[in-house]
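Secondary and tertiary structure notes
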Amino acid sequence: NCAVKADQSRLQVASDPASYLQGCSMPFGLLKYGLKKRYPGKHQFTPATELKKHYDVVIIGAGGHGTGIAYYLAKYHGITNVAILEKSYLGSGNTARNTAVIRSNYLTEEGVTFYRESVKMFQSLSNEFDYNIMMENRGQLTLAHSDAAIRSFRWRAEVNQHLGVRSELVDRQTIRELVPSLQMSEDVRYPILAGLWHADGATARHDAVAWGYARGACSRGVELHQLTEVEDIEVTEGRVTAVRTNRGRVSCGIVVQAVAGASSIVARMAGIKLPIHSYPLQAMVTQPYKPLLNPHVSSPQVHAYIHQTSRGEFVIGGGSDPYPLYNTRATLDQRESLASAVQELFPFLSQARLMRQWAGTTDMTPDYSPIMGLSPVQNYYLDAGWGTWGFKATPICGKTMAELVATGSPPDIIKPFELERFYRFEQINEAGATAASH
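The text that follows walks through the structure, step by step, so that each part is easy to find. As the structure is a prediction and not an experimental result, all values here were calculated from the model.

Section: the packing of helix α4 (residues 109–123) against helix α11 (residues 394–407)
Relative to each other, α4 and α11 sit at 105°, their axes nearing to 7 Å. Here α4 lies roughly perpendicular to α11, going by the angle between them. On α11, the residues that touch F114, E117, S118, M121 and F122 of α4 are T394, P395, I396, C397 and K399. Among the residues making up the contact of α4 with α11, the classes are represented as 6 nonpolar, 2 polar and 2 charged.

This is the structure we're talking about:
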């Protein structure tokens, strides 16, 4: 073996000496980089600075949505006197705590249209950022265990196809072909009768999305202020005028709140009461396995979903906890519930060891659709109520909310999601389109 490697090295030197020397110098380059007294690389985000006295726009929350809004404000509307305020670190909230699923197979015309555009935008984000978000087009299979579920899936498939989204009702044989490792026996508690196959389903690296947006925004002049917690919001004569933080007061012309998990708390600072209840949502991940599951598989009947990452880990999630709570602590009963549900679908996972378990906080609205747009306070805009579907909406939400901030008028695609719909009794009911029933 040593002789073979030596021969290979001599061949490489002879055929491409420059490349060979460059490869040898890489460890020395890394060593020099690490021993530099000053940081030798380019800062990707805004270096720590003092807050200015005034900003045209203040965005509360530096997750995917907050950074996306700032990015599109700077790129498309030339608005760069913008501060993104984050009480912790970039992407530390629900952006870092979700399971990175992207899909558009919703039930209502408004929901399908909105998420369809987001899925399209995700496809080009890596090229737009010049930064790999690790997008994987894998498809999503939602399992039907009853006649009622089949009727619902047929309805969803028809709505999706009518609006240009690739979804179809599939039979047991097709399910076997899509997921050979799935338990298809009829001698189980909930036999699989059919499925909804959504070919546009995908996953992406969730924190990379936030980093890409933040880097793009900061390179255009936007300021990112981490460890900056908003403590109060000043409203004068029905108009937002300033925010107070743990680092001082900042006056502003416009405020956008994008704080998934804390929407009600922040809105209350501005005197706005939102129709939202917040619940913990837990997930977990197993040890790595060789690749054997490509699609994302979900079952509303057993309240669980699963997919395998590019590193081989199985990501497992389910419905929200059954009680409102501001808490991100993982619990034993949810771990047991998810584990037993997934073993019904994939019995071989009974021997798998769990690596991690975590939780986020989901803001649930009565109709399982988000709240985007104007608020009762002038120049205070809402990006809230995302429940379990906020990550997949990141690009389109950032783009449309930026247009709203720049023009003062909600784009048609988000108009149906305004807060006023609850007072007009025009809810957009997406409760039947969740990946795992809540």
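What about the sheet that holds strand β4 (residues 136–137)?
Pairing within the open sheet is antiparallel, and its 3 strands lie in the order β3-β8-β4. Edge positions in the open sheet fall to β3 (101–102) and β4, since each of these has one partner strand only. In terms of strand pairing, β3 meets strand β8 (residues 202–203) through 2 bridges, oriented antiparallel. Bridge pairing links V101 to T203 in β8.

Details of the nonpolar core
F114, V256 and M401 are the most contacted members of the largest nonpolar core, which has 58 residues in total. Contributing elements (two or more residues each) for this core: β1 (54–60), α3 (64–77), β2 (82–85), α4, α5 (125–129), α8 (206–219), β12 (248–257) and α11. Non-local contacts of V256, meaning those with residues more than four positions away in its chain, are made with V57, V58, I59, I60, I69, Y381, M401 and V405. Within the second largest apolar cluster, 27 residues are counted, among which are Y55, V259, V377 and L419.

Some remarks on the sheet that holds strand β7 (residues 194–198)
The strand order across the open sheet formed by 8 strands is β6-β7-β5-β14-β15-β16-β13-β17, and the pairing between neighbours is mixed. This sheet does not close on itself; its edge strands, each paired only once, are β6 (167–170) and β17 (354–364). Averaged over all pairs of adjacent strands, the angle between strand axes in this sheet comes to 20°, irrespective of strand direction. The sheet strands contacting helix α6 (residues 147–162) are β5 (140–144), β6 and β7, and the helix crosses β6 at an angle near 150°. The sheet strands contacting helix α10 (residues 332–345) are β5, β13 (277–286), β14 (296–299), β15 (304–308), β16 (314–318) and β17, and the helix crosses β13 at an angle near 55°.

Quick notes on the environment of P295
Within the secondary structure, P295 is located in the loop between β13 and β14. Separated by 96 residues in sequence, P295 and A199 have C-alpha atoms that sit 9.1 Å apart. Excluding anything up to four places from it in sequence, P295 contacts R138, G139, L178, V179, W197, I306 and H307.

Criteria and cut-off values
- Residues numbered from 1 in each chain as written.
- Predicted model: local features only at pLDDT ≥ 70, side-chain atom pairs only at ≥ 80, totals over all residues.
- Heavy atoms only, no water.
- Axes fitted to C-alpha atoms, helices over the stretch in contact; angles between N-to-C directions.
- Helix = DSSP H or I, 4+ residues; strand = E, 2+ residues; numbered from the N terminus.
- Parallel < 35°, antiparallel > 145°, perpendicular 65-115°, else oblique.
- Contact = heavy atoms within 4.5 Å.
- Nonpolar A, V, L, I, M, F, W, Y, C, P; charged D, E, K, R; others polar.
- Pairing = 2+ DSSP bridges.
- Core = buried A, V, L, I, M, F, W, Y, C linked by side-chain atoms within 4.5 Å.
- Buried < 20%, exposed > 50% of the residue type's maximum accessible area, 1.4 Å probe, protein only.

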